[in-house]
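Letter by letter, the chains look like this.
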Amino acid sequence: MPNSPTQIQLIQPDDWHLHIRDGAIMRDVLADTARQFARAIIMPNLKPPVTAVELAHAYRSRIEANLKSLGINDFEPLMTLYLTDNTSADEVRKAKAEGIVGFKLYPAGATTNSDAGVTDIRHCYKALEAMQEVGMPFLVHGEVTHSEIDIFDREAVFIDQILEPLRRDFPQLKIVFEHITTKQAAHYVRDALTAGNTIAATITPQHLLMNRNAIFSGGIRPHNYCLPVLKREEHRVALLEAATSGNPRFFLGTDSAPHAKGDKEAACGCAGCYSAFNALGLYAEAFESVNRLEKLEGFASFFGPDFYSLPRNSKKITLKKQAQSIPQELPLGDATIVPLRAGETIAWSLV
Ligand code: NCD
Ligand code: ZN
(Lines give C-alpha, C1' and ligand atoms only; values in the text may rest on other atoms or scores of the structure.)
(Ligands and ions follow the chains in the order given, each with its own letter.)
Protein backbone atom coordinates (compact mmCIF):
# COMPACT_ATOMS: atom_id res chain seq x y z
CA MET A 1 0.00 0.00 0.00
CA PRO A 2 1.41 3.46 -0.88
CA ASN A 3 2.15 5.87 1.92
CA SER A 4 -0.73 8.23 1.26
CA PRO A 5 -3.50 6.36 -0.52
CA THR A 6 -6.74 8.08 -1.43
CA GLN A 7 -8.83 4.99 -0.90
CA ILE A 8 -8.51 2.02 1.41
CA GLN A 9 -10.38 -1.23 1.56
CA LEU A 10 -10.75 -3.16 4.76
CA ILE A 11 -12.72 -5.96 6.32
CA GLN A 12 -15.74 -4.37 7.95
CA PRO A 13 -14.88 -3.19 11.48
CA ASP A 14 -16.73 -3.70 14.77
CA ASP A 15 -17.12 -1.26 17.63
CA TRP A 16 -16.00 -2.90 20.88
CA HIS A 17 -17.38 -0.14 23.16
CA LEU A 18 -20.62 1.65 22.37
CA HIS A 19 -23.52 3.38 24.14
CA ILE A 20 -26.85 3.40 22.33
CA ARG A 21 -29.18 4.17 25.30
CA ASP A 22 -32.82 3.15 25.15
CA GLY A 23 -36.28 4.40 24.19
CA ALA A 24 -36.89 6.93 21.45
CA ILE A 25 -33.28 8.04 20.91
CA MET A 26 -31.85 4.57 20.32
CA ARG A 27 -33.11 4.42 16.75
CA ASP A 28 -31.19 7.52 15.68
CA VAL A 29 -27.87 6.49 17.16
CA LEU A 30 -28.12 2.86 16.04
CA ALA A 31 -28.49 3.94 12.44
CA ASP A 32 -25.17 5.82 12.55
CA THR A 33 -23.29 2.85 13.99
CA ALA A 34 -24.89 0.19 11.79
CA ARG A 35 -23.90 2.14 8.66
CA GLN A 36 -20.25 1.49 9.48
CA PHE A 37 -19.90 -1.45 11.84
CA ALA A 38 -20.97 -5.10 11.65
CA ARG A 39 -21.15 -5.62 15.41
CA ALA A 40 -20.89 -3.54 18.56
CA ILE A 41 -20.52 -4.19 22.25
CA ILE A 42 -23.52 -2.51 23.82
CA MET A 43 -22.71 -0.93 27.15
CA PRO A 44 -25.16 -1.67 29.98
CA ASN A 45 -25.26 1.67 31.83
CA LEU A 46 -28.95 2.32 31.32
CA LYS A 47 -31.23 3.71 33.99
CA PRO A 48 -31.78 1.26 35.69
CA PRO A 49 -28.65 -0.63 34.61
CA VAL A 50 -28.64 -3.97 32.81
CA THR A 51 -27.56 -6.12 35.74
CA ALA A 52 -29.11 -9.49 34.89
CA VAL A 53 -29.31 -11.84 31.93
CA GLU A 54 -33.08 -11.40 31.59
CA LEU A 55 -32.67 -7.62 31.39
CA ALA A 56 -30.02 -7.99 28.68
CA HIS A 57 -32.31 -10.26 26.65
CA ALA A 58 -35.11 -7.68 26.91
CA TYR A 59 -32.72 -4.88 25.92
CA ARG A 60 -31.52 -6.92 22.98
CA SER A 61 -35.12 -7.40 21.83
CA ARG A 62 -35.69 -3.63 21.92
CA ILE A 63 -32.51 -3.13 19.88
CA GLU A 64 -33.65 -5.72 17.36
CA ALA A 65 -37.06 -4.06 17.05
CA ASN A 66 -35.33 -0.76 16.24
CA LEU A 67 -33.03 -2.40 13.71
CA LYS A 68 -36.04 -3.96 12.06
CA SER A 69 -37.87 -0.66 11.87
CA LEU A 70 -34.76 0.84 10.25
CA GLY A 71 -34.65 -2.00 7.73
CA ILE A 72 -31.21 -3.11 8.98
CA ASN A 73 -30.59 -6.84 9.02
CA ASP A 74 -26.79 -7.04 9.00
CA PHE A 75 -25.85 -5.59 12.38
CA GLU A 76 -25.31 -7.63 15.52
CA PRO A 77 -25.47 -6.18 19.04
CA LEU A 78 -23.17 -7.92 21.54
CA MET A 79 -24.66 -7.71 25.00
CA THR A 80 -22.91 -7.01 28.31
CA LEU A 81 -23.95 -6.92 31.95
CA TYR A 82 -23.32 -4.23 34.55
CA LEU A 83 -21.37 -5.60 37.50
CA THR A 84 -22.61 -4.67 40.97
CA ASP A 85 -21.46 -5.47 44.51
CA ASN A 86 -24.17 -8.16 44.48
CA THR A 87 -23.56 -9.93 41.16
CA SER A 88 -23.49 -13.66 41.92
CA ALA A 89 -21.23 -16.34 40.49
CA ASP A 90 -24.40 -18.04 39.24
CA GLU A 91 -25.37 -14.98 37.21
CA VAL A 92 -21.91 -15.05 35.61
CA ARG A 93 -22.31 -18.71 34.64
CA LYS A 94 -25.79 -18.10 33.33
CA ALA A 95 -24.53 -15.11 31.32
CA LYS A 96 -21.82 -17.23 29.74
CA ALA A 97 -24.32 -19.94 28.81
CA GLU A 98 -26.67 -17.37 27.26
CA GLY A 99 -24.26 -15.51 25.02
CA ILE A 100 -23.44 -12.42 27.08
CA VAL A 101 -19.97 -11.29 25.94
CA GLY A 102 -18.71 -9.47 29.03
CA PHE A 103 -19.28 -7.86 32.41
CA LYS A 104 -18.58 -4.15 32.77
CA LEU A 105 -17.00 -2.58 35.82
CA TYR A 106 -18.24 0.90 36.62
CA PRO A 107 -16.59 2.05 39.81
CA ALA A 108 -19.45 3.76 41.71
CA GLY A 109 -19.49 7.45 40.86
CA ALA A 110 -16.96 7.22 38.00
CA THR A 111 -19.18 8.24 35.07
CA THR A 112 -22.68 8.45 33.52
CA ASN A 113 -25.14 6.13 35.36
CA SER A 114 -22.53 4.57 37.60
CA ASP A 115 -24.40 5.10 40.89
CA ALA A 116 -25.25 1.39 41.05
CA GLY A 117 -21.65 0.48 40.26
CA VAL A 118 -19.08 -1.32 42.35
CA THR A 119 -18.18 0.34 45.66
CA ASP A 120 -15.26 -2.00 46.37
CA ILE A 121 -13.85 -4.56 43.96
CA ARG A 122 -13.36 -6.98 46.87
CA HIS A 123 -17.15 -7.35 47.00
CA CYS A 124 -16.98 -8.90 43.52
CA TYR A 125 -14.41 -11.64 44.09
CA LYS A 126 -16.89 -14.53 43.80
CA ALA A 127 -18.19 -13.14 40.50
CA LEU A 128 -14.65 -12.54 39.25
CA GLU A 129 -13.61 -16.10 40.14
CA ALA A 130 -16.52 -17.34 38.05
CA MET A 131 -15.57 -15.04 35.14
CA GLN A 132 -12.04 -16.35 35.22
CA GLU A 133 -13.28 -19.93 35.37
CA VAL A 134 -15.72 -19.69 32.44
CA GLY A 135 -13.64 -17.30 30.31
CA MET A 136 -16.00 -14.33 30.59
CA PRO A 137 -14.25 -11.07 29.62
CA PHE A 138 -14.13 -8.35 32.27
CA LEU A 139 -14.47 -4.86 30.81
CA VAL A 140 -13.17 -2.16 33.10
CA HIS A 141 -13.74 1.56 33.34
CA GLY A 142 -10.31 2.17 34.78
CA GLU A 143 -10.56 5.15 37.07
CA VAL A 144 -10.52 5.48 40.83
CA THR A 145 -13.21 7.75 42.19
CA HIS A 146 -11.91 9.15 45.50
CA SER A 147 -12.57 12.88 45.43
CA GLU A 148 -9.05 13.63 46.69
CA ILE A 149 -7.45 12.14 43.55
CA ASP A 150 -6.96 14.68 40.78
CA ILE A 151 -9.25 13.88 37.84
CA PHE A 152 -6.29 13.75 35.44
CA ASP A 153 -4.57 11.11 37.63
CA ARG A 154 -7.51 8.76 38.15
CA GLU A 155 -6.56 6.28 35.45
CA ALA A 156 -2.92 6.02 36.46
CA VAL A 157 -3.87 5.54 40.12
CA PHE A 158 -6.38 2.85 39.09
CA ILE A 159 -3.56 0.82 37.53
CA ASP A 160 -1.58 0.77 40.77
CA GLN A 161 -4.42 0.46 43.27
CA ILE A 162 -6.93 -1.76 41.48
CA LEU A 163 -5.75 -3.28 38.20
CA GLU A 164 -2.36 -4.63 39.23
CA PRO A 165 -3.70 -6.37 42.40
CA LEU A 166 -6.68 -7.67 40.38
CA ARG A 167 -4.40 -9.22 37.77
CA ARG A 168 -2.28 -10.77 40.50
CA ASP A 169 -5.37 -12.36 42.12
CA PHE A 170 -6.92 -13.45 38.78
CA PRO A 171 -4.04 -14.19 36.42
CA GLN A 172 -6.26 -15.95 33.86
CA LEU A 173 -9.06 -13.36 33.81
CA LYS A 174 -9.58 -11.79 30.37
CA ILE A 175 -9.54 -8.04 30.93
CA VAL A 176 -10.30 -5.18 28.56
CA PHE A 177 -9.03 -1.86 29.89
CA GLU A 178 -11.68 0.33 28.24
CA HIS A 179 -11.10 3.69 26.57
CA ILE A 180 -7.56 4.18 27.80
CA THR A 181 -6.37 7.77 27.93
CA THR A 182 -2.85 7.79 29.32
CA LYS A 183 0.70 6.83 28.50
CA GLN A 184 0.70 4.79 31.71
CA ALA A 185 -2.26 2.70 30.53
CA ALA A 186 -0.90 2.23 27.01
CA HIS A 187 2.46 1.09 28.36
CA TYR A 188 0.88 -1.08 31.04
CA VAL A 189 -1.18 -3.00 28.48
CA ARG A 190 1.72 -3.20 26.02
CA ASP A 191 4.17 -4.52 28.61
CA ALA A 192 1.91 -6.72 30.75
CA LEU A 193 3.26 -10.22 31.13
CA THR A 194 0.41 -12.62 30.56
CA ALA A 195 0.08 -16.35 30.32
CA GLY A 196 -1.95 -15.83 27.16
CA ASN A 197 -4.15 -13.28 25.51
CA THR A 198 -5.53 -11.94 28.78
CA ILE A 199 -5.33 -8.16 28.59
CA ALA A 200 -6.26 -5.69 25.89
CA ALA A 201 -7.46 -2.09 25.63
CA THR A 202 -9.90 -0.11 23.54
CA ILE A 203 -9.07 3.39 22.31
CA THR A 204 -11.56 6.08 21.24
CA PRO A 205 -11.17 8.42 18.27
CA GLN A 206 -11.26 11.52 20.46
CA HIS A 207 -8.31 10.34 22.56
CA LEU A 208 -6.28 9.74 19.38
CA LEU A 209 -7.11 13.12 17.87
CA MET A 210 -7.35 15.59 20.75
CA ASN A 211 -5.63 16.55 23.94
CA ARG A 212 -7.10 18.38 26.93
CA ASN A 213 -6.64 21.79 25.33
CA ALA A 214 -9.64 20.88 23.16
CA ILE A 215 -11.92 21.18 26.21
CA PHE A 216 -10.86 24.78 26.80
CA SER A 217 -10.00 26.28 23.43
CA GLY A 218 -11.35 29.84 23.38
CA GLY A 219 -13.94 28.94 26.04
CA ILE A 220 -15.43 25.82 27.55
CA ARG A 221 -16.24 23.13 24.96
CA PRO A 222 -18.75 20.74 26.49
CA HIS A 223 -18.89 18.51 23.40
CA ASN A 224 -15.24 17.57 23.88
CA TYR A 225 -15.84 16.52 27.47
CA CYS A 226 -15.94 12.79 28.11
CA LEU A 227 -14.73 10.41 30.77
CA PRO A 228 -12.01 9.48 31.24
CA VAL A 229 -11.26 13.11 30.40
CA LEU A 230 -8.83 14.03 27.59
CA LYS A 231 -5.23 14.24 28.81
CA ARG A 232 -2.02 16.07 27.88
CA GLU A 233 -0.45 15.83 24.41
CA GLU A 234 2.21 13.32 25.53
CA HIS A 235 -0.60 10.90 26.38
CA ARG A 236 -2.35 11.39 23.05
CA VAL A 237 0.93 10.64 21.29
CA ALA A 238 1.42 7.44 23.33
CA LEU A 239 -2.12 6.28 22.53
CA LEU A 240 -1.65 6.96 18.84
CA GLU A 241 1.60 5.01 18.90
CA ALA A 242 -0.16 2.08 20.62
CA ALA A 243 -3.16 2.07 18.28
CA THR A 244 -1.06 2.23 15.13
CA SER A 245 1.67 -0.17 16.29
CA GLY A 246 0.01 -3.33 15.02
CA ASN A 247 -0.02 -4.76 18.56
CA PRO A 248 -3.17 -6.92 18.80
CA ARG A 249 -3.74 -5.85 22.40
CA PHE A 250 -5.13 -2.52 21.14
CA PHE A 251 -8.39 -2.32 19.24
CA LEU A 252 -11.24 -0.06 18.28
CA GLY A 253 -13.91 1.03 20.77
CA THR A 254 -15.50 4.38 20.04
CA ASP A 255 -17.19 4.92 23.43
CA SER A 256 -19.65 6.99 21.39
CA ALA A 257 -21.89 8.26 24.20
CA PRO A 258 -24.93 10.25 23.08
CA HIS A 259 -26.36 13.00 25.26
CA ALA A 260 -28.90 15.55 24.02
CA LYS A 261 -27.49 18.98 23.23
CA GLY A 262 -29.23 20.54 26.22
CA ASP A 263 -27.73 18.01 28.62
CA LYS A 264 -24.22 18.83 27.40
CA GLU A 265 -24.61 22.61 27.17
CA ALA A 266 -25.63 22.98 30.81
CA ALA A 267 -24.26 24.24 34.12
CA CYS A 268 -23.36 20.63 34.92
CA GLY A 269 -22.96 19.05 31.51
CA CYS A 270 -22.94 15.29 30.94
CA ALA A 271 -19.77 13.41 29.97
CA GLY A 272 -19.65 11.76 26.56
CA CYS A 273 -18.65 12.48 22.95
CA TYR A 274 -20.91 11.45 20.07
CA SER A 275 -18.46 10.02 17.55
CA ALA A 276 -20.73 7.44 15.88
CA PHE A 277 -21.69 9.69 12.97
CA ASN A 278 -18.39 9.20 11.13
CA ALA A 279 -16.25 7.23 13.57
CA LEU A 280 -14.32 5.39 10.86
CA GLY A 281 -13.42 8.68 9.19
CA LEU A 282 -12.06 9.93 12.49
CA TYR A 283 -9.93 6.83 13.01
CA ALA A 284 -8.65 6.99 9.42
CA GLU A 285 -7.61 10.58 10.00
CA ALA A 286 -5.73 9.59 13.17
CA PHE A 287 -3.89 6.70 11.47
CA GLU A 288 -3.07 8.84 8.44
CA SER A 289 -1.56 11.52 10.67
CA VAL A 290 1.31 9.13 11.41
CA ASN A 291 1.37 7.50 7.95
CA ARG A 292 0.10 4.20 9.30
CA LEU A 293 -3.17 3.73 7.43
CA GLU A 294 -2.07 0.18 6.65
CA LYS A 295 -2.38 -0.61 10.36
CA LEU A 296 -6.03 0.46 10.56
CA GLU A 297 -7.52 -2.86 9.49
CA GLY A 298 -5.90 -4.86 12.28
CA PHE A 299 -6.98 -2.34 14.91
CA ALA A 300 -10.49 -1.88 13.55
CA SER A 301 -11.40 -5.30 12.18
CA PHE A 302 -9.15 -8.11 13.44
CA PHE A 303 -7.84 -7.69 16.97
CA GLY A 304 -11.25 -7.20 18.62
CA PRO A 305 -12.86 -10.42 17.37
CA ASP A 306 -9.60 -12.30 17.98
CA PHE A 307 -9.56 -11.17 21.62
CA TYR A 308 -13.23 -12.05 22.13
CA SER A 309 -12.80 -15.38 20.29
CA LEU A 310 -15.41 -14.41 17.72
CA PRO A 311 -15.09 -14.88 13.96
CA ARG A 312 -13.66 -12.01 11.92
CA ASN A 313 -16.11 -10.37 9.52
CA SER A 314 -15.87 -11.23 5.86
CA LYS A 315 -17.59 -8.30 4.11
CA LYS A 316 -15.32 -5.48 2.90
CA ILE A 317 -15.82 -1.74 3.13
CA THR A 318 -14.07 1.15 1.42
CA LEU A 319 -12.95 4.43 2.93
CA LYS A 320 -12.24 7.25 0.55
CA LYS A 321 -10.19 10.38 1.05
CA GLN A 322 -13.07 12.70 0.44
CA ALA A 323 -13.85 15.50 2.86
CA GLN A 324 -17.15 15.13 4.65
CA SER A 325 -18.88 18.02 6.40
CA ILE A 326 -20.13 17.16 9.84
CA PRO A 327 -23.52 18.77 10.57
CA GLN A 328 -23.90 21.21 13.47
CA GLU A 329 -26.65 19.03 14.93
CA LEU A 330 -28.35 15.73 14.27
CA PRO A 331 -31.81 14.52 15.31
CA LEU A 332 -31.97 12.62 18.61
CA GLY A 333 -35.54 11.54 19.32
CA ASP A 334 -37.42 14.75 20.13
CA ALA A 335 -34.16 16.61 20.77
CA THR A 336 -30.89 17.10 18.90
CA ILE A 337 -27.31 16.04 19.42
CA VAL A 338 -24.05 17.77 18.55
CA PRO A 339 -21.68 15.25 16.97
CA LEU A 340 -17.93 15.28 17.50
CA ARG A 341 -16.32 17.82 15.12
CA ALA A 342 -19.70 19.47 14.40
CA GLY A 343 -19.47 22.15 11.73
CA GLU A 344 -16.04 20.94 10.61
CA THR A 345 -14.90 18.47 8.00
CA ILE A 346 -13.39 15.02 8.28
CA ALA A 347 -10.97 14.02 5.55
CA TRP A 348 -12.24 10.45 5.12
CA SER A 349 -15.69 9.10 4.26
CA LEU A 350 -17.21 5.67 3.98
CA VAL A 351 -18.08 4.82 0.37
C1 NCD B 1 -20.26 7.40 28.96
C2 NCD B 1 -21.78 7.59 28.92
O3 NCD B 1 -22.25 8.73 28.76
O4 NCD B 1 -22.49 6.58 29.07
N5 NCD B 1 -19.65 8.70 29.04
C6 NCD B 1 -18.37 9.00 28.71
O7 NCD B 1 -17.97 10.14 28.90
N8 NCD B 1 -17.56 8.11 28.19
C9 NCD B 1 -19.91 6.50 30.10
C10 NCD B 1 -18.51 5.98 30.05
O11 NCD B 1 -18.16 5.13 29.23
O12 NCD B 1 -17.70 6.41 30.89
ZN1 ZN C 1 -18.33 4.11 27.63
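Shown above is the structure to which this text applies.
What you see is a predicted model; the values in this text were computed from it and never measured.

**Q** Any details on the environment of K261? Residues and values, ideally.
**A** Mapped onto the elements of the fold, K261 is located in helix α9 (residues 261-264). Residue classification places K261 among the partly exposed residues on the basis of a relative accessible area of 25%. Along the primary structure K261 and E329 are separated by 68 residues, whereas in three dimensions their C-alpha atoms are 8.3 Å apart. Setting aside anything within four residues of it in sequence, one finds K261 in contact with E329, T336, I337 and V338.

**Q** Which residues make up the coordination of the zinc ion (ligand 2), and what are the values?
**A** Around the zinc ion (ligand 2), the protein contributes the donor atoms H17 (NE2), H19 (NE2) and D255 (OD), at 2.0 to 2.1 Å from the metal centre. Taken together, the four donor atoms coordinating the zinc ion (ligand 2) span angles of 93 to 138° at the metal, a pattern that classifies the geometry as irregular.

**Q** Can you tell me about the site of ligand 1, naming the residues and giving the values?
**A** Around ligand 1, 15 residues are found, and the nearest of them are R21, N45, T111, L227 and D255. In the environment of ligand 1, an oxygen atom lies 3.1 Å from a nitrogen or oxygen atom belonging to the side chain of H19. Within the side chain of N45, one N or O atom sits 2.8 Å away from an oxygen atom of ligand 1. If ligand 1 stood free it would expose 320 Å²; the protein chains cover 100% of that surface. Judged by its atoms lying within 2 Å of the grid points, ligand 1 is housed in the largest cavity. Residue composition of the shell around ligand 1, grouped by class: four nonpolar, nine polar and two charged.

**Q** Explain the environment of E234 to me, using residue names and the numbers behind them.
**A** When you line up the elements, E234 lands in helix α8 (residues 233-243). For the pair formed by E234 and K183, sequence separation is 51 residues and the distance between their alpha carbons is 7.3 Å.

**Q** An account of empty space enclosed by the protein is requested, with residue identities and associated values reported.
**A** Inspection of the entire model under this criterion finds four cavities of 30 Å³ or more. Quantified by volume, the largest cavity comes out at close to 120 Å³. Lining the largest cavity are 18 residues, with H19, T111, L227, D255 and A257 positioned closest to its centre. When the residues that make up the lining of the largest cavity are grouped by side-chain class, the tally is six nonpolar, nine polar and three charged. The calculated volume of the second largest cavity comes to roughly 50 Å³. In terms of residue class, the lining of the second largest cavity is made up of five nonpolar, three polar and one charged.

**Q** Which residues make up the nonpolar core, and what are the values?
**A** M131, F138 and F177 are the most contacted members of the largest nonpolar core, which totals 98 residues. Here this core gets seven residues from one element, more than from any other, and that element is helix α10 (residues 279-289). Among residues more than four places away in sequence, those in contact with F138 are L83, F103, L105, I121, L128, M131, L166, L173, K174, I175 and V176. Of all hydrophobic cores here, the second largest spans 16 residues; its members include W16, Y82, F302 and Y308.

**Q** Summarise helix α5 (residues 154-169); cite the residues concerned and give the values.
**A** When the terminal C-alpha atoms of α5 are compared, their 22 Å separation across 16 residues agrees well with the 22 Å that a helix rising 1.5 Å per residue should span. The complete set of buried residues in α5 reads R154, E155, A156, V157, F158, I159, L163, L166 and R167. Considering only its buried residues, α5 is in contact with β5 (102-105), α4 (125-134), β6 (138-140), β7 (175-177), α6 (183-191) and β8 (199-203).

**Q** Could you give an account of the pairing of β5, naming the residues involved and the relevant values?
**A** Side-chain alternation along β5 places G102 and K104 on one buried face and F103 and L105 on a second face that is also buried. Two strands pair when backbone bridges link them, and strand β4 (residues 76-82) and β5 are joined in this way by three bridges, in the parallel orientation. Bridging from a neighbouring strand, L81 pairs with F103 of β5. Handedness of the crossover is the feature at issue here: the chain leaves β4, passes through helix α3 (residues 89-97), returns alongside β5, and the resulting connection is right-handed. Relative to β6, β5 runs parallel, the two being bridged by three bridges. Across the sheet, L105 pairs through a bridge with V140, a residue of β6. Each parallel crossover has a hand, and for β5 linked through α4 to β6 it is right-handed.

Calculation rules
- Residues numbered from 1 in each chain as written.
- Chains lettered and ligands numbered in written order.
- Predicted model: local features only at pLDDT ≥ 70, side-chain atom pairs only at ≥ 80, totals over all residues.
- Heavy atoms only, no water.
- Helix = DSSP H or I, 4+ residues; strand = E, 2+ residues; numbered from the N terminus.
- Buried < 20%, exposed > 50% of the residue type's maximum accessible area, 1.4 Å probe, protein only.
- Contact = heavy atoms within 4.5 Å.
- Donors = N, O, S within 2.8 Å, 3.2 Å for Na, K, Ca; no water.
- Tetrahedral: all angles 85-135°; square planar, octahedral: opposite > 155°, others 65-115°.
- Near = heavy atom within 4 Å.
- Polar contact = N/O pair within 3.5 Å; in protein donor to acceptor, adjacent residues only side chain to side chain.
- Areas by Shrake-Rupley, 256 points an atom, 1.4 Å probe, with all protein chains shown as cover.
- 1 Å grid on protein atoms, 1.4 Å probe; cavity = no way out; pocket = protein on both sides within 12 Å on 5 of 7 lines; lining within 4 Å.
- Sits in = over half its atoms within 2 Å of the grid points.
- Nonpolar A, V, L, I, M, F, W, Y, C, P; charged D, E, K, R; others polar.
- Points joined across faces, edges and corners; volume = space filled by probe spheres on them.
- Core = buried A, V, L, I, M, F, W, Y, C linked by side-chain atoms within 4.5 Å.
- Expected span 1.5 Å × (residues − 1).
- Pairing = 2+ DSSP bridges.
- Right-handed = clockwise from strand over helix to strand, strands pointing away.

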